[in-house]
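Each chain, letter by letter, is given below.
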Amino acid sequence: MEAATMAWTAAVAGLGLVYWFVWVMGAAEVKGKRAVDLKMGSITNDKVQDKYTQYWSFFRRPKETATTAATAEKVPDFVDTFYNLVTDIYEWGWGQSFHFSPSLPGRSHRDATRVHEERVADLLGAKPGHRLLDVGCGVGGPMRAIAAHSGSNVVGITINDYQVNRARAHNRKAGLDSRCEVVCGNFLSMPFPDASFDGAYSIEATCHAPKLQDVYGEVFRVLKPGGLYVSYEWVTTSLYRAEDPEHVECIHGIERGDALPGLRRQDEIASIAKEVGFEVVKEQDLALPPALPWWTRLKMGRIAYWRNSLVVRVLTMLRIAPKGVSEVHEMLFETAQHLTRGGETGIFTPMHMVLLRKPTAAAEEAK
C-alpha cells in the first residue's frame, strides 16, 4: 500500500510539474506565449525538420553565404525561414524585444530593455506627430516602447509574415495599434515613397543584410532631408583576431546560429554610412564600460536549460510541438554560448551605435 501511495504521489507531482512548465510557464518578460503554444511560424508541422536542415546547410559556412550574387540573393529567404523557426521560442523564453541591452544595477532585464529602446527615441528627438521607421521590427517590442515614450507614430517592416501578425496582435493588446503599423517586406527594397519618414532606427537587425550599403541606402532614400537614423549594429571589435581559431569559431558560431551572412568590423560602419550619403553625427559602442555586461541574460543555468529542453522534447513526443523544435532549441542554446564568449572576450558587440543624418538640400549645396 505504501509503495502504491508513493507511486501515486510521484505521478501527481510529475503531472503537476508538466502542467506548470508547459501550460503555465509563459514568456520571460510578458506572459502570453506559453510552451504549449510553440509554433514554427508559417511553416507547416511536416516541413519544420526539412526547413531547419536547409537553413543549417545554407549557413554552415557563414562567410560563403554572400560571396556571390546568387548566394546573396538567397539570404532574405533563409532569414525568413530563421524567424519562422525561432520567433515563438524567442517570445517564450526572452520576451517581445529580440535584442540585448546593457544590464542596469538593481533593475530588471525588462527595465534595461526598455531604457535601451527609449534611448533610440531620445537620440532621434522623436516627438508627437513624427513618423518613424523601424527597420527590421520583429514582433514590435521596441516599436511599442518607442511609440509610448515619444508619442510618435511608428511603421515597422519585417520580412516575416508570421511576425507581422504577432506584432499587430501585440499592438492591439497594448492599445497602440492606431500609432504602430507593421508591413511585411524586405528592408533591402522597401515599399515606401522617397522622403516619407521623419526618422528611422534599426535595433540589431541590419546584420542580416549581405551588404550594409544596400539597407543603409534604402533608409537614406525614405528619410526626409535632415532626418536622423540610429542603428545598433552587431560587429566584431578591434580585439578580434582572424588568426585565432577560438575567435574564429566563436564568431562563426554567432553567424551560423543567427542567420548572418558574415559579421562586419566595427571600423567599417561609419565609412559605409558616409558612402551612401549620410553624415555621421555620433558613433559609440554602448557595450563598453561603464555599461554592465549585456550577456548576463544568456548565462542560463544548466537546470533552466534542461528544464526548457525537457519541455520541448515532451511537447514534441506528444506531437503538440512539431518535429524539429528540439533541434532549433539546441541550436539557440549553442549560439547563446558563442554570444556569451564573444561578450566576455570583448571580440563582439551587439550594440555598436551610429547616429546618422541625411543632409538637407542647403547642406548639399554648401559642399
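Where an unreviewed UniProt entry is consulted, the protein chain appears under the name Methyltransferase, with the organism given as Digitaria exilis. The record in UniProt for the protein chain states the following under Sequence similarities (unreviewed entry): "Belongs to the class I-like SAM-binding methyltransferase superfamily. Erg6/SMT family." Recorded in UniProt for the protein chain, the comment headed Function (unreviewed entry) runs: "Catalyzes the methyl transfer from S-adenosyl-methionine to the methylene group of 24-methylene lophenol to form 24-ethylidene lophenol."

*Asks:* Could you give me a rundown of the overall build of the protein chain, with the residues and numbers involved?
*Replies:* Secondary structure assignment for the protein chain yields 12 helices and eight strands. Within the protein chain, the proportion of its 367 residues that are buried is 52%. Taking all contacts inside the protein chain whose residues are at least 6 apart in sequence as the whole, residues at least 24 apart take part in 77%. Of the roughly 16800 Å² of accessible surface on the protein chain, 56% is carried by carbon and sulfur atoms.

*Asks:* An account of the pattern of salt bridges is requested, with residue identities and associated values reported.
*Replies:* Inspection of the entire model under this criterion finds 11 salt bridges. The partner of Arg-166 in a salt bridge is Glu-91, with the nearest N and O atoms 2.9 Å apart. Of this pair, Arg-166 sits in helix H6 (residues 161-173) while Glu-91 sits in helix H3 (residues 69-93), and the two are 75 residues apart along the sequence. Each member of the pair, Arg-166 as well as Glu-91, is classed as buried. A salt bridge links Glu-268 to Arg-265; its shortest N-O distance comes to 3.9 Å. Glu-268 sits in the partly exposed class, given a relative accessible area of 23%. Judged by its relative accessible area of 45%, Arg-265 falls in the partly exposed class.

*Asks:* Please provide a residue-by-residue account of the pairing of strand E5 (residues 223-236), values included.
*Replies:* Moving residue by residue along a regular strand, the side chains alternate between the two faces of the sheet. Among the 14 residues in E5, 11 count as buried, and that is most of the element. By the bridge criterion, six bridges tie strand E4 (residues 197-203) to E5 in an arrangement that is parallel. Bridging from a neighbouring strand, Gly-199 pairs with Leu-228 of E5. In this region the chain leaves E4, passes through helix H7 (residues 212-222) and returns to the parallel neighbour E5; the handedness of that crossover is right-handed.

*Asks:* Describe the nonpolar core, listing the residues and the values that go with them.
*Replies:* Tyr-201, Val-230, Trp-234, Ile-254, Trp-294 and Phe-348 are the most contacted members of the largest nonpolar core, which has 42 residues in total. If we skip the residues at most four places from it in the chain, Trp-294 touches Phe-100, Ser-101, Pro-102, Ala-287, Leu-339, Gly-343, Phe-348, Pro-350 and Met-351. Counting residues in hydrophobic clusters, the runner-up holds 27 residues, among them Leu-85, Leu-315, Met-331 and Leu-332.

*Asks:* Please set out helix H4 (residues 109-124) residue by residue, giving values where relevant.
*Replies:* Under the 1.5 Å per step criterion, the end-to-end length of H4 is 23 Å for 16 residues, consistent within 8% with the ideal 22 Å. Every buried residue of H4 is listed here: Ala-112, Thr-113, His-116, Glu-117, Glu-118, Val-120, Ala-121, Leu-123 and Leu-124. Tucked into the core, H4 has its buried residues touching strand E1 (131-135), helix H5 (141-150), E4, E5 and strand E8 (348-357). Immediately downstream of H4, the backbone of Gly-125 shows phi near 65°, a positive value.

*Asks:* Pulling in residues and values, what's your account of the packing of aromatic side chains?
*Replies:* The way to describe two aromatic rings as a pair is by their centre distance and the angle between their planes. All chains considered together, the criterion is met by 19 aromatic pairs. On the numbers, 5.0 Å between centres and 75° between planes, the contact of Tyr-90 with Phe-98 is edge-to-face. Both rings, one in Trp-234 and one in Phe-348, keep their centres 5.3 Å apart while their planes meet at 80°; by these two values the pair is edge-to-face. Of the two residues, Trp-234 sits in strand E5 while Phe-348 sits in strand E8, which places them 114 residues apart along the sequence. The residues Trp-234 and Phe-348 share a single accessibility class, namely buried. Here a set of aromatic residues connected by ring pairs shows up, and it is made of Tyr-55, Phe-58, Phe-59, Phe-78, Phe-82, Tyr-83, Tyr-90 and Phe-98. It is Arg-297 that lies over the ring of Trp-94; its NZ or CZ is 3.6 Å from the centre. Stacked on the ring of Phe-220, the Lys or Arg Lys-358 has its end atom at 5.0 Å from the ring centre.

*Asks:* Mind laying out the side chain of Glu-233, listing which residues take part and the relevant values?
*Replies:* For Glu-233, the position within the fold is in strand E5. Only 2.6 Å separates the side chain of Glu-233 from the side chain of Thr-206, close enough to count as a polar contact. One polar contact links Glu-233 to Ser-231, side chain to side chain, over a distance of 2.8 Å. In this structure Glu-233 touches Thr-206, Cys-207, Leu-212, Tyr-216, Ile-269, Thr-349, Pro-350, Met-351 and His-352, once residues within four positions along its chain are discounted.

Each value, and the rule that gives it
- Residues numbered from 1 in each chain as written.
- Predicted model: local features only at pLDDT ≥ 70, side-chain atom pairs only at ≥ 80, totals over all residues.
- Heavy atoms only, no water.
- UniProt positions renumbered as here; feature names shortened; annotations may be inferred.
- Helix = DSSP H or I, 4+ residues; strand = E, 2+ residues; numbered from the N terminus.
- Buried < 20%, exposed > 50% of the residue type's maximum accessible area, 1.4 Å probe, protein only.
- Contact = heavy atoms within 4.5 Å.
- Areas by Shrake-Rupley, 256 points an atom, 1.4 Å probe, with all protein chains shown as cover.
- Salt bridge = Lys/Arg side-chain N within 4 Å of Asp/Glu carboxyl O.
- Pairing = 2+ DSSP bridges.
- Right-handed = clockwise from strand over helix to strand, strands pointing away.
- Core = buried A, V, L, I, M, F, W, Y, C linked by side-chain atoms within 4.5 Å.
- Expected span 1.5 Å × (residues − 1).
- Phe/Tyr/Trp six-rings, centres within 6.5 Å; stacked < 30°, edge-to-face > 60°.
- Lys NZ or Arg CZ within 6 Å of the ring centre and 35° of its normal.
- Polar contact = N/O pair within 3.5 Å; in protein donor to acceptor, adjacent residues only side chain to side chain.

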